[in-house]
Amino acid sequence: MSKDRRDFLKLSALGVGAISGGLGLAACADETKLSETVKRAKGKPVVISTWNHGIPANAAAWEILKAGGSSLDAIEMGARVVESDPEVRTVGKGGYPDREGKVTLDACIMAPDSNCGSVAFLQEIENPISVARKVMEETPHIMMVGNGALEFALEQGFERTNLLTDAAKKDWQDWLKTSEYRPKINIENHDTIGLLALDADGNLSGGCTTSGAAWKLHGRVGDSPIIGAGLFLDNEVGAACATGLGEAVVRVAGSAMVVEMMRMGLNPTEACKRVVERIYEKHKDVKDLQVGFIALDKAGNYGGYSVHPGFNYAICNENGNNRMEDAKNMLAKN
Ligand code: ASP
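Rules and cut-offs
- Sequence positions are assigned chain by chain, starting from 1 and proceeding in written order.
- Whole-chain, interface and lining totals are the exception, using all residues; otherwise, since this is a predicted model, local features are given only for residues with pLDDT of at least 70 and side-chain atom pairs are given and counted only at 80 or more.
- Side-chain metrics in this entry use all non-hydrogen atoms of the structure; hydrogen atoms and water are not considered.
- At least two DSSP bridges between two strands are required for those strands to pair.
- The secondary structure listing takes helices from DSSP runs of H or I that are at least 4 residues long and strands from runs of E that are at least 2 residues long, numbered from the N terminus.
- Axes here refer to lines fitted to C-alpha atoms; in helices the fit is confined to the stretch in contact. Angles between the N-to-C directions go from 0 to 180 degrees.
- The contact criterion used is simple: two residues touch if any of their non-hydrogen atoms lie within 4.5 Å.
- What goes into a patch is any residue over 30% in relative accessible area without a salt bridge, connected to like charges within 9 Å or, for nonpolar side chains (Val, Leu, Ile, Met, Phe, Trp, Tyr), within 5 Å.
- Per-residue and other accessible areas were derived by the Shrake-Rupley procedure at a 1.4 Å probe size, with only the shown protein chains allowed to occlude residues.
- Criterion for a salt bridge: a side-chain nitrogen of Lys or Arg within 4 Å of a carboxyl oxygen of Asp or Glu.
- The definition of a nonpolar core used throughout is a set of buried Ala, Val, Leu, Ile, Met, Phe, Trp, Tyr and Cys residues joined through side-chain atoms within 4.5 Å.
- Only protein chains enter the accessibility calculation, which uses a 1.4 Å probe; a residue whose area is less than 20% of its type maximum is buried, one above 50% is exposed, and one in between is partly exposed.
- Of all possible arcs, the one meant is that of the directions from the helix axis to the C-beta atoms.

Peer 1: I'm lost on the sheet that holds strand β2 (residues 105-110) in this one. Help?
Peer 2: Read from one edge of the open sheet, eight strands run β4-β3-β2-β6-β5-β1-β11-β12, paired in mixed fashion. The open sheet is flanked by β4 (143-145) and β12 (321-326), the only strands paired with a single partner. Neighbour-to-neighbour, the strand axes of this sheet turn through a mean angle of 10 degrees, independent of strand direction. Pairing analysis gives three bridges linking strand β3 (residues 116-122) to β4, with the strands arranged parallel. By the bridge assignment, serine 118 is partnered in β4 with methionine 143. In this fold helix α3 (residues 54-66) packs onto β1 (46-50), β5 (193-198), β11 (312-317) and β12, with an angle of close to 160 degrees to the strand it touches most, β1. The sheet strands contacting helix α6 (residues 146-155) are β3 and β4, and the helix crosses β4 at an angle near 105 degrees.

Peer 1: Is there a simple way to think about a nonpolar patch on the surface in this case?
Peer 2: A cluster of nonpolar side chains, namely Ile142, Met143 and Val145, defines an oily patch on the protein surface of about 250 Å² accessible area. By secondary structure assignment, the location of methionine 143 is in strand β4.

Peer 1: What exactly am I supposed to notice about the nonpolar core here?
Peer 2: Across soluble globular proteins, nonpolar side chains have a tendency to be buried as a group. Residues Val47, Ile109, Val119, Leu122, Ile125 and Val131 are the most contacted members of the largest nonpolar core, which totals 34 residues. Broken down by secondary-structure element, the contributors of at least two residues to this core are α3, α4 (71-83), β2, β3, α5 (128-138), α6 and β5. Setting aside anything within four residues of it in sequence, one finds leucine 122 in contact with Val103, Thr104, Leu105, Pro128, Val131, Gly146, Ala149 and Leu150. Counting residues in hydrophobic clusters, the runner-up holds 26 residues, among them Ala229, Ala242, Ala271 and Cys272.

Peer 1: Looking at this structure, how should I read α6?
Peer 2: The α-helix winds at 3.6 residues per turn, so residues separated by three or four positions along the chain end up facing the same way. All of the buried residues in α6 are Gly146, Ala149, Leu150, Phe152 and Ala153. For α6, the arc enclosing every buried residue in end-on projection is 165 degrees, short of the 170-degree limit, so these residues lie on one face. Every exposed residue of α6 that faces more than 90 degrees away from the buried side is listed here: Asn147, Glu151 and Glu155. The inward-facing, buried residues of α6 abut β3, α5 and β4.

Peer 1: What is the right way to read the sheet that holds strand β10 (residues 302-306) from this model?
Peer 2: Sheets are built from strands that pair by backbone hydrogen bonding, the pairs being arranged parallel or antiparallel. If you trace the five strands from one edge of the open sheet to the other, you get β7-β8-β9-β10-β13, paired in mixed fashion. Looking along the sheet, the strands with just one partner apiece sit at the ends: β7 (231-234) and β13 (328-329). Where β10 lies against β13, two bridges are found, and the strand directions are parallel. Note on β13: the bridge partner recorded for serine 306 is asparagine 329. On the sheet, helix α9 (residues 254-263) packs against β7, β8 (238-244) and β9 (291-297) and is oriented at approximately 145 degrees with respect to β8.

Below you can see the structure in the form of structure tokens.
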């Protein structure tokens, strides 16, 4: 058994409470490994987003950040670009429907003051991230779902849109021929966009938006709109968001756990790694399980980690250098 693996088991057995209760990271972290995995900050601002569609999302967010705008505005604008792109099959308009042919969207947003808003099982609205922001800013609530969320959106001036494009409909009709559902999550049937940003004032915000698992049961909601699972931040520490099999992320309060790992001193990559390993341990029976996290700390250090190879993220810092990086992962040597 490798030292890493022993350390991970020790960490799992102790539990986070025990660690934060005074054992400290020296008991569970390999310091050499930590320094190897840290992706150093190159000043502020910074925006990081999951998958290839993170590039246009970051570009839109960067326009706001470079002008000194807030991380919250940057997150909303970045997410909207991907939600409105009909070519993206996993987010917003053009997203794959559930098994009944309905496109149902989940999104959440979180601000530096820990205020947050969320919508789930929302239909016919192209930009759920903006509805989530309205829930945060215009109501005393955090989460609205289904028809209630739709009615709220319409009251707020959002317009009904047909989200099911011809291309997504055709893929759904092809899927109906076999109706085979396996929770395999990688590039072909998932890819939530999660975005984390640190603005010039040093404030963190985050957002997460998705059409969820393709061909899911009608009414299914994953991790993405759940604060603490699909997205979490603490402006004193850092921010994290998730992609992959949502049910697995919810079971460990994934993004909240990544932030807590950073609070205890792990760098963003290492914090993501610990939570991915925990998820993997608890889901040994799930074939082809894929889960990935990205994280950004208060200093602008960032990283990502997944179970399988293939997960990447877009990072934009250093005066707008917007590029893709591969996340480290459990199942390949890297
Ligand atoms: N996490 C999302 C969900 O389970 C899917 C994804 O990341 O693509 O709904």
